[in-house]
Amino acid sequence: MGILDVKNVSKRFGGLKALSDVNLSIKENSVHAIIGPNGAGKSTLLNCLVGKLIPDTGSVMFDGQSVLGRSPYEINQMGISRVFQTPEIFGDLTVMENMMIPVFARRDGAFRMHAVAMVNTETDVIEQAEQVLEDMNMADKRHMTAASLSRGDKRRLEIGMCLSQQPRLLLLDEPTAGMARADTNNTIDLLKQIKDERDITIAIIEHDMHVVFSLAERITVLAQGTPLVEDEPQKIRGHPKVREAYLGESG
Amino acid sequence: MFGLDKKDTTLLIIVALLVFLAPFLLNPFPADSAMAQFNAGYPDLMQRFVIFGIFAIGFNILFGLTGYLSFGHAAFLGVGSYAAVWMFKLLTMNVIPAIVLAVIVGGLFAALIGYITLRRSGIYFSILTLAFAQMMFAIAYSDLIGRFVGTSITNGETGLQLTLNDPRILGESATPDGSIPLTNLFGWDMRSTYQMDVGAWLFQFNFGYYFCAVVMLIAFFLSIRIFRSPFGLMLRAVKSNQQRMNYTGLNIRPYTLTAFIISGMYAGLAGGLMASMDPLAGAERMQWTASGEVVLMTILGGAGTLIGPVLGAGFIKYFENIFSKINEATLHQWFSFLPDGLETFVVWVAEHFVGSGWHLTLGILFMLVVIFLPGGLVEGGQKIGGLFSRRKQADEKSKATKTEPAE
Ligand SMILES: Nc1ncnc2c1ncn2[C@@H]1O[C@H](COP(=O)(O)OP(=O)(O)OP(=O)(O)O)[C@@H](O)[C@H]1O
Ligand SMILES: [Mg+2]
């Protein structure tokens, strides 16, 4: 039993079977990578975990509770945070405001008509947000509009926003896609630090093998909607089935 | 002050001063001079400034913060007016119960319509609100519900008016001299006006205006508090990125619905005040053109800014008043210095932009603002302010460079 248990999950898009009978268990406080060629169904699987898609069959249990049929915000409140392939941040708001929103969401829940207080007198929220900004090395950018950040900083901010909610499971969809080498390495360091300092489970989808092998404790290889193998990183390297999936049958 | 930071307090004080001194500020020209037609310090016009200011402030809480563009907010203003007039007919001519009921009714209708329309966003939401408002207009205009229940509710196209036979349980149906009693605040008559002659100038201080002005300042203060509250931050987050909001554990619908209800209550308040100044209510207040007007006010002034909607409302109502008053004779007078043929031509052209053609002028003004100042009048003000501070900085820089060699 892991913190997240996916059982017999299938998802069709019309005639296309994007996921067929996926079984996956992610152990608590581990870093689990999901890799596979383009179109393997990795993002679809992630979408089924966070309520963006509802699988046709199967079950998804988080910490013993089913997530199926719940909306994204409810699943987030259960303790699952997600970082998107292209950073999803509040572009019109300042970095500090971006960081405060998840802290408010954690403290006040999914909705609170909190109009009597003023944002700048919510000292506990401000302190927590400042703390995360410092952890992210972004404190000097707190007054900048989020949309004006560099791509790497946007990603950092988004990861920070997810972390400020203190999630139990953090899902990352290709966090380094389109990043320069230096930014990628920064992100690796950041995730390593997070993993060392917190009780957190991380599931990461990634094409960049350097990232995968630097972080993952377990790897699942997905191809054509089915998990091929799941094992430790060393055993995945050079696994014949993995090569086959990536290079095609003829390869 | 009242929990506001220094900048917001200053803004509130400036607005309060402008509003309280409006009878002077809006009447800069002597009463008999040719320029007197540009004066705007008349009670009914000043009342319209602040009442539409309230309407736009409320609309801005929905549109400016969450980005949901409603094209049906005049409906809530309309029901507020009807509710207030009914209160005058049934209960008392004191405006307080009327205004309270107008706010509640505006909020209830907004809750119902918002609950349905907020299932969609973007253009679909706008169209839905427009459809609902037109339905309500049609119902009011044909007095559909009144015909159904047997007694008139909206009095159809004539509009709802006071009569000498109204019960007015806590007041009197008619005054001793046989006329309809006047709207008042615990005996202070809304119409009572103090006239002050200062040389050639005439200033009018109307009780109704000052009552509306105080209500507007309270409404403005509350909107500042909403803007600066955690709730306001969430509304801005809705506008910025709904996807991220969902995946941050926040339920968007109750936020947008609350904003919708608040703006509906502001609209109801504006409608109630309108009826308090002039106790009648007609369906035309709910027309889609009236809904469009508040959209124009908010965008023209600067959507999402605190003061923008108030400026937009003042701007539109002022120019509406000035431009629609100008007629052919005035134009001939203005352009009489031109040669005859040219004068006729210029007047012929200008005619289309004044009087009932005022909407043409409004359209052009609106286009100019949206193209050159997408942030509205507030952005214009900031640009001018920026120009000055840059000049100041430049001055200081040049001073600094001048003193350097001397050291
Ligand atoms: N909403 C959708 N409607 C129809 N087909 C979809 C939808 N989402 C994904 N698919 C299809 O399902 C398959 C799996 O897509 P998915 O995005 O999960 O792949 P992926 O493993 O994340 O690929 P990549 O590495 O390119 O991101 C693809 O063939 C894709 O075209
Ligand atoms: Mg993908």
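The present account deals with the structure reproduced in this document. On a predicted model such as this, the values are computed, not experimentally measured, just so you know. (Residues numbered from 1 in each chain as written. Chains lettered and ligands numbered in written order. Predicted model: local features only at pLDDT ≥ 70, side-chain atom pairs only at ≥ 80, totals over all residues. Heavy atoms only, no water.)

**Considerations on the overall build of chain B**
Next up, step 1: The secondary structure content of chain B amounts to 17 helices and six strands.
Next up, step 2: The C-alpha atoms of chain B give a radius of gyration of 24 Å, which matches the 22 Å a tight globule of 407 residues would have.
Next up, step 3: Its C-alpha atoms put chain B at 90 × 70 × 45 Å along the principal axes.
Next up, step 4: Burial analysis of chain B (407 residues in total) assigns 50% to the buried set.
Next up, step 5: Summed over its atoms, the accessible surface of chain B is roughly 19000 Å², and 69% of this surface lies on carbon and sulfur atoms.
Next up, step 6: Averaging the locations of the 25 positively and 24 negatively charged side chains of chain B gives two centres separated by 15 Å. (Helix = DSSP H or I, 4+ residues; strand = E, 2+ residues; numbered from the N terminus. Rg over C-alpha atoms; globule rule 2.2 N^0.38 Å. Buried < 20%, exposed > 50% of the residue type's maximum accessible area, 1.4 Å probe, protein only. Areas by Shrake-Rupley, 256 points an atom, 1.4 Å probe, with all protein chains shown as cover. Lys, Arg positive; Asp, Glu negative; His and termini not counted. Charge placed at Lys NZ, Arg CZ, Asp CG, Glu CD.)

**Digging into the interface of chain A and chain B**
Next up, step 1: Taken together, the contact between chain A and chain B spans 37 residues of the former and 28 residues of the latter.
Next up, step 2: For the chain A and chain B pair, buried surface summed over both sides reaches about 2900 Å², with 63% attributable to carbon and sulfur atoms.
Next up, step 3: At the boundary of chain A with chain B, the tally comes to two salt bridges.
Next up, step 4: Its salt-bridge partner being Arg244(B), residue Glu158(A) comes within 2.6 Å of it at the nearest N-O pair.
Next up, step 5: For the interface between chain A and chain B, the tally reads 19 residue pairs in polar contact (both at pLDDT 80 or more).
Next up, step 6: When residues of the side of chain A that touches chain B are traced back to their parent elements, those giving at least two are α2 (72-78), β6 (80-83), α3 (95-108) and α5 (151-164) of chain A.
Next up, step 7: Here the side of chain A that touches chain B gets five residues from one element, more than from any other, and that element is α3(A).
Next up, step 8: Here the side of chain A that touches chain B is composed, by residue class, of 22 nonpolar, seven polar and eight charged. (Contact = heavy atoms within 4.5 Å. Buried area = accessible area lost by both parts, 1.4 Å probe. Salt bridge = Lys/Arg side-chain N within 4 Å of Asp/Glu carboxyl O. Polar contact = N/O pair within 3.5 Å; in protein donor to acceptor, adjacent residues only side chain to side chain. Nonpolar A, V, L, I, M, F, W, Y, C, P; charged D, E, K, R; others polar.)

**Here's the deal with the side chain of Thr117(B)**
Next up, step 1: Structurally, Thr117(B) can be placed in helix α5 (residues 95-117).
Next up, step 2: In contact with Thr117(B), other than residues within four places in its own chain, are Phe125(B), Leu128(B), Thr129(B), Phe132(B) and Phe260(B).

**Considering the environment of Phe205(B)**
Residues and elements named next belong to chain B.
Next up, step 1: Note on placement: Phe-205 falls in strand β5 (residues 201-206).
Next up, step 2: Sequence separation between Phe-205 and Phe-24 is 181 residues, and the spatial gap between their C-alpha atoms is 9.2 Å.
Next up, step 3: Other than its neighbours up to four places away in sequence, Phe-205 contacts Pro-23, Phe-24, Ser-192, Thr-193, Tyr-194, Met-196 and Tyr-210.

**Description of the sheet that holds strand β5 (residues 65-66) of chain A**
All names here are of chain A.
Next up, step 1: Spatial ordering of the open sheet is given by β2-β1-β4-β5, a layout of four strands whose pairing is antiparallel. Pairing within the sheet leaves two strands with one partner each, and these edge strands are β2 (16-26) and β5.
Next up, step 2: Across two bridges, the pairing between strand β4 (residues 57-62) and β5 is antiparallel. In the strand pairing of β5, Met-61 is matched with Ser-66.
Next up, step 3: Contacting β1 (4-13), β2 and β4, helix α1 (residues 42-49) crosses the sheet at an angle of about 65 degrees to β2. (Pairing = 2+ DSSP bridges. Axes fitted to C-alpha atoms, helices over the stretch in contact; angles between N-to-C directions.)

**Structural notes on the sheet that holds strand β8 (residues 201-205) of chain A**
Residue and element names in this part refer to chain A.
Next up, step 1: If you trace the six strands from one edge of the open sheet to the other, you get β6-β7-β8-β3-β9-β10, paired in mixed fashion. The open sheet has two edge strands with one neighbour each: β6 and β10 (226-231). Direction aside, the axes of adjacent strands within the sheet are offset by 20 degrees on average.
Next up, step 2: The sheet contact formed by β6 and strand β7 (residues 169-173) spans four bridges and is parallel. Within the sheet, the bridge partner assigned to Arg-82 lies in β7 and is Leu-171.

**Regarding α5(B)**
Residues and elements named next belong to chain B.
Next up, step 1: With 23 residues, α5 should cover 33 Å at 1.5 Å per step; its first-to-last C-alpha distance of 32 Å lies within 8% of that length.
Next up, step 2: Of the residues making up α5, those classed as buried are Val-95, Ala-98, Ile-99, Ala-102, Val-103, Val-105, Gly-106, Gly-107, Ala-110, Ile-113, Gly-114 and Thr-117.
Next up, step 3: The inward-facing, buried residues of α5 abut α4 (74-90), α6 (122-142), β2 (184-185), α8 (207-228) and α11 (252-277).
Next up, step 4: With a side-chain oxygen lying 3.0 Å from the backbone nitrogen of Ile-96, the N-terminal cap of α5 falls on Asn-94. (Expected span 1.5 Å × (residues − 1).)

**Structural notes on the site of ligand 1**
Residues and elements named next belong to chain A.
Next up, step 1: Looking at ligand 1, the residues that line it are Phe-13, Leu-16, Ala-18, Asn-38, Gly-39, Ala-40, Gly-41, Lys-42, Ser-43, Thr-44, Glu-174 and His-207.
Next up, step 2: Between an oxygen atom of ligand 1 and a side-chain N or O atom of Glu-174, the distance comes to 3.4 Å.
Next up, step 3: Among the elements that make up the shell around ligand 1, the one with the highest residue count is α1 (three residues).
Next up, step 4: Looking at the shell around ligand 1, its residues break down into four nonpolar, six polar and two charged. (Near = heavy atom within 4 Å.)

**Some thoughts on the packing of helix α3 (residues 43-66) of chain B against helix α13 (residues 308-325) of chain B**
Residue and element names in this part refer to chain B.
Next up, step 1: Packing of α3 against α13 brings their axes to within 8 Å, and their N-to-C directions diverge by 140 degrees. If you check the angle between α3 and α13, you find them oblique. Every pair of crossing elements has a handedness; the one defined by α3 and α13 is right-handed. Contacts between α3 and α13 pair Leu-45, Arg-48, Phe-49, Phe-52, Gly-53, Ala-56, Ile-57 and Asn-60 from the former with Pro-309, Val-310, Ala-313, Gly-314, Lys-317, Tyr-318, Glu-320 and Asn-321 from the latter.
Next up, step 2: Across the contact of α3 with α13, the residue classes break down as nine nonpolar, four polar and three charged. (Parallel < 35°, antiparallel > 145°, perpendicular 65-115°, else oblique. Left-handed = near helix turned anticlockwise from the far one by under 90°.)

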